[in-house]
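Residue strings, one per chain:
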Amino acid sequence: RRYLDVWGVAKSFKGTRVMSGMNFRVDRGELVSLLGPSGCGKTTLLRIIAGLMEADEGSVVLGGRDISRFPAHRRNVSVVFQNYALFPHLTVAENVAFGLRARGTPKAEIAGPVAEALRLVRMESFAERPISALSGGQQQRVAVARALVVRPDLLLLDEPFSALDRKLRETMQVELKSLLRDRGITAIFVTHDQEEAMGVSDRIAVMNTGKIEQFADPSTLYARPASPFVMDFVGLSTRVSGRVTAAAGGMLQIESPYGSLRAAGDLPVGAQAMVGVRPELISVGQGENSLTVTLEDAMVLGSKTVLHGRAAEGDRILCELSGIRSGLARGESVTLGWEVADTLVYGGEA
Ligand code: ADP
Ligand code: MG
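- The name recorded for the chain in an unreviewed UniProt entry is ABC transporter ATP-binding protein, from Salipiger mangrovisoli.

**What about the nonpolar core?**
Soluble, globular proteins show a tendency: their nonpolar side chains are buried together.
Step number 1: Counting 91 residues, the largest nonpolar core has Val96, Ala145, Leu156, Ile188, Ala205, Val206 and Val275 as the members making the most contacts within it.
Step number 2: Sorting elements by how many residues they give to this core places helix 4 (residues 136-148) first, with 6 residues.
Step number 3: Excluding anything up to four places from it in sequence, Val96 contacts Val114, Ala117, Leu118, Val142, Ala145, Arg146 and Val149.

**Examining the site of ligand 1**
Step number 1: Around ligand 1, the neighbouring residues are Phe13, Val18, Gly36, Ser38, Gly39, Cys40, Gly41, Lys42, Thr43 and Thr44.
Step number 2: A per-class count over the shell around ligand 1 returns 3 nonpolar, 6 polar and 1 charged.

**Side note on the UniProt feature "domain: ABC transporter" (unreviewed entry) in the chain**
Step number 1: The feature "domain: ABC transporter" (unreviewed entry), as annotated in UniProt, sits at residues 4-234 in this numbering.
Step number 2: Taken end to end, residues 4-234 is 35% helix and 26% strand, and its first and last C-alpha atoms sit 25 Å apart.

**Brief notes about the sheet that holds strand 20 (residues 344-347)**
Step number 1: Read across the open sheet, the 5 strands follow the order 13-12-11-14-20; overall the sheet is antiparallel. Looking at strand neighbours, the two that pair on one side only are strand 13 (259-264) and strand 20, the edges of this open sheet. The average undirected angle you get between the axes of adjacent strands in this sheet is 40 degrees.
Step number 2: Pairing analysis gives 4 bridges linking strand 14 (residues 272-277) to strand 20, with the strands arranged antiparallel. If you follow Val275 over to strand 20, its bridge partner there is Val345.

**Quick notes on the confidence of the model for the chain**
Step number 1: Summing up the model confidence of the chain, the mean pLDDT is 94 and the portion of residues at 70 or higher is 99%.
Step number 2: Strand 9 (residues 203-208) holds the highest mean pLDDT among the elements of the chain, 98, whereas helix 5 (residues 166-183) holds the lowest, 89.
Step number 3: Two summary scores accompany this predicted model of the complex, namely pTM at 0.92 and ipTM at 0.98.

Scoring rules and cut-offs
- Residues numbered from 1 in each chain as written.
- Chains lettered and ligands numbered in written order.
- Predicted model: local features only at pLDDT ≥ 70, side-chain atom pairs only at ≥ 80, totals over all residues.
- Core = buried A, V, L, I, M, F, W, Y, C linked by C-beta atoms within 7 Å.
- Buried ≥ 20, exposed ≤ 12 C-beta atoms within 10 Å, placed from the backbone.
- Helix = DSSP H or I, 4+ residues; strand = E, 2+ residues; numbered from the N terminus.
- Contact = placed C-beta atoms within 7 Å.
- Near = placed C-beta within 6 Å.
- Nonpolar A, V, L, I, M, F, W, Y, C, P; charged D, E, K, R; others polar.
- UniProt positions renumbered as here; feature names shortened; annotations may be inferred.
- Pairing = 2+ DSSP bridges.
- Axes fitted to C-alpha atoms, helices over the stretch in contact; angles between N-to-C directions.
- pLDDT = per-residue confidence, 0-100.

Next up, the structure:
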């Protein structure tokens, strides 16, 4: 099933390493996201896969063929760029036809695939319009059609929806996902937006400064983040630091400034620990784990109410209750509780 195999890739710019020992594998038909903060190397990795940039080391194997030395136009990999990169002086149909023309496809074999690609993105009635007459969302659809018309072996999308407003972005996410699913297209989707990544992907590779910190399906990433970085980047969390005071049978006792907590983990007594828990798993009242804090704020957001507890430097205490909860005010002291099984623990965090 392994389809794309990026192995041992390294890249430097003017002597500065931005990526090394990068391994990244995608199965056939998968939709995988690269998720990470700006500057972590997402675009660099995408450009190396597309052949738009050469890696210093490592290889890229697609469908069993080593394409590392292939120029971009021989890889049959399509890219949708953040800024769409459409030709403004050409019509929609001419833009979509571009890739076929560049490959020397006979004229008679261009109109059909172009019409089909435009139908896929529901832009068939815009074929003769100039690009400049389209909205951002429509241009994005044309960019996707242009990428798909050549029937790529792999589709790469670099923050394709970042210029769109939130509502349109959500529509495009749903459309893209079903389009790729229906056609069994293997795709890599780059984003810095964790909700977008969770919404569209089969699996997500969370990147941090040129490394993949965790590569897993959305629910695993959220429920069992492999590091504090992943926990903080994917969703919100309560995080408090403490010190391990007892360890037995895979269970740790951790003293925090807000009370003693328990978590399943493997750290030595005396170690610094960082305890995390997702805010919606916390409720008001005693739990297997509890801490007592002064409320900094209680934000009634409608579908949920978010409690912010007063926390020490570097810590964060968040509790999400569903629906509207009144009667919780700033300055009040509350006890928050959750289950040991929902408690995450990491070592070495100050
Ligand atoms: P991302 O897409 O995740 O925001 P990039 O892959 O664009 O990150 O960049 C990764 C790192 O490489 C950044 O530190 C960026 O400044 C650097 N970088 C990217 N492209 C170039 C380039 N052409 N020349 C010099 N530095 C670059
Ligand atoms: Mg980028």
